[in-house]
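For reference, the chains in residue letters:
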Amino acid sequence: MDRYLEKTVVVTGGANGIGRACCLRFSSEGAAVVVGDRDAASGASVVEEIAGQGGKAIFVELDATSRIDNETMAAAAVENFGSLDAVVTAAGITHKSYTGEAEIELKRLKDRERYAQAPHLEVIDYDIDEFRTVMDVNLIGTFLAIQSCAAKMVDLDSGGSIVTIASIAAKNPNAGPIAYTASKSAVWMLTKKLGTMLNSANIRINAIGPGFIETNMTQVIEMMPQDRYDAFMSSIPLGRKGQPEDIAATAAFLCSDDANYFTGEILHPSGGFFTG
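Residues numbered from 1 in each chain as written. Predicted model: local features only at pLDDT ≥ 70, side-chain atom pairs only at ≥ 80, totals over all residues. Heavy atoms only, no water.

### Description of the environment of Val-78
Assignment of secondary structure puts Val-78 in helix α3 (residues 67-81). In contact with Val-78, not counting residues within four places along its chain, are Ser-83, Leu-84, Lys-152 and Leu-156. (Helix = DSSP H or I, 4+ residues; strand = E, 2+ residues; numbered from the N terminus. Contact = heavy atoms within 4.5 Å.)

Below, the structure is given as structure tokens:
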């Protein structure tokens with residue numbers, strides 16, 4: 001398919017996981033891609049992979065919580081490729097020390113075992129700095145990317161499409177930690193609100209609420225005791241975690257003209273885990 005020929009797509013969190021898959025998918029359909037991420041080495045690797053397949057991409061180092069970084073990223077799209085047609089906001093964290101490293105996730109899993117039988121203690125003990133950090137990256141970071149990129153779309157009078165990455169945790173409180181579920185439900189409501197506002201600039205905005213996808217963020221699932229792991233997997237009707245490419249395909253649909261009557265909506269590729 002060539003739905004994105006002569007178009008430019010910005011992806012935050014584009015160096016790994018869902019973001020990386022989105023970069024590769026949009027490129028495969030003809031887009032020039034701006035890879036925004038804090039991980040310069042992995043971001044450069046994505047750009048190299050796209051170039052190796054004959055595509056066009058640049059990397060922009062991005063602190064999702066920085067207005068300046070987001071504005072620089074949006075400007076780079078226009079300066080390098082002449083347009084800014086679509087955005088996917090895939091940058092996100094589950095907790096303040098999140099890096100995607102297995103050792104950190106295993107330690108966190110073990111540290112939180114004491115709350116399994118007394119979850120009220122986690123509420124009492126919860127680190128407010130963690131709450132702020134997760135909200136800053138997941139919610140404020142999403143808004144800053146939308147704000148910066150929408151401003152360029154307005155300047156260009158081109159319209160466009162934006163896809164936010166929420167989560168099934170936006171609607172299911174048991175699908176993530178406290179701050180994560182709060183942040184993702186806020187991303188979903190933000191998307192709905194902006195869906196009623198950006199249409200006057202011919203900008204559509206929709207959300208994806210992925211289920212449990214095979215990324216660094218969900219590797220903790222494999223670290224569960226076997227009985228908990230088996231119970232978890234049985235809660236997914238399709239019996240498996242999804243792949244980042246499943247979410248990239250959804251994003252490519254929502255940003256395309258094939259979805260031109262979608263705005264303020266959310267889709268849940270979750271293997272049937274969430275059907276509401």
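### Brief notes about the environment of Phe-59
Mapped onto the elements, Phe-59 comes out in strand β3 (residues 56-61). Residues Phe-59 and Val-11, spaced 48 residues apart in sequence, show a C-alpha to C-alpha distance of 10.0 Å. In this structure, Phe-59 is in contact with Val-35, Asp-37, Asp-39, Ala-40, Gly-43, Ala-44 and Val-47, ignoring residues within four places of it in sequence.

### Details of the sheet that holds strand β7 (residues 266-267)
The strand order across the open sheet built from 7 strands is β3-β2-β1-β4-β5-β6-β7, with neighbouring strands paired in parallel fashion. Each end of this open sheet is capped by a strand with a single partner; those strands are β3 and β7. Bridge analysis of strand β1 (residues 8-12) against strand β4 (residues 86-89) gives 4 bridges, and the strand direction is parallel. Paired with Val-9 across the two strands is Ala-86, which belongs to β4. (Pairing = 2+ DSSP bridges.)

### Focus: unusual backbone geometry
A positive phi angle, near 65°, is found at Glu-6, a position not held by glycine. You can see Glu-6 is positioned in the segment before β1. With a phi angle near 60°, Asn-202 is a residue other than glycine that sits in the positive phi range. Here Asn-202 falls in the exposed class, since its relative accessible area comes to 56%. (Buried < 20%, exposed > 50% of the residue type's maximum accessible area, 1.4 Å probe, protein only.)

### Re α3
Residues lying three or four places apart along an α-helix face the same way, a consequence of the helix completing one turn every 3.6 residues. If you check α3, its first and last C-alpha atoms are 21 Å apart, about what 15 residues at 1.5 Å a residue would give, namely 21 Å. Listed in full, the buried residues belonging to α3 are Asn-70, Met-73, Ala-74, Ala-75, Ala-76 and Ala-77. Buried residues belonging to α3 abut β1, β2 (32-37), β3 and α6 (128-156). The N-capping residue of α3, defined by a side-chain oxygen 3.3 Å from the backbone nitrogen of Ile-68, is Ser-66. Looking one or two places after α3, you find Gly-82, whose phi comes out positive at around 85°. (Expected span 1.5 Å × (residues − 1). Polar contact = N/O pair within 3.5 Å; in protein donor to acceptor, adjacent residues only side chain to side chain.)

### Re the pairing of strand β6 (residues 203-208)
Of all the 6 residues making up β6, 6 are buried; the element is thus mostly covered by neighbouring parts of the structure. On β6, burial covers both faces: Ile-203, Ile-205 and Ala-207 on one face and Arg-204, Asn-206 and Ile-208 on the other are all buried. Across 6 bridges, strand β5 (residues 160-165) lies against β6 in parallel orientation. Opposite Ser-161, over in β6, you have Arg-204 as the bridge partner. Of the crossover connections in this fold, the one passing from β5 over helix α7 (residues 178-195) to the parallel β6 is right-handed. As paired elements, β6 and β7 share 2 bridges and run parallel to each other. Along β7, the bridge assignment pairs Ile-208 with Leu-267. (Right-handed = clockwise from strand over helix to strand, strands pointing away.)

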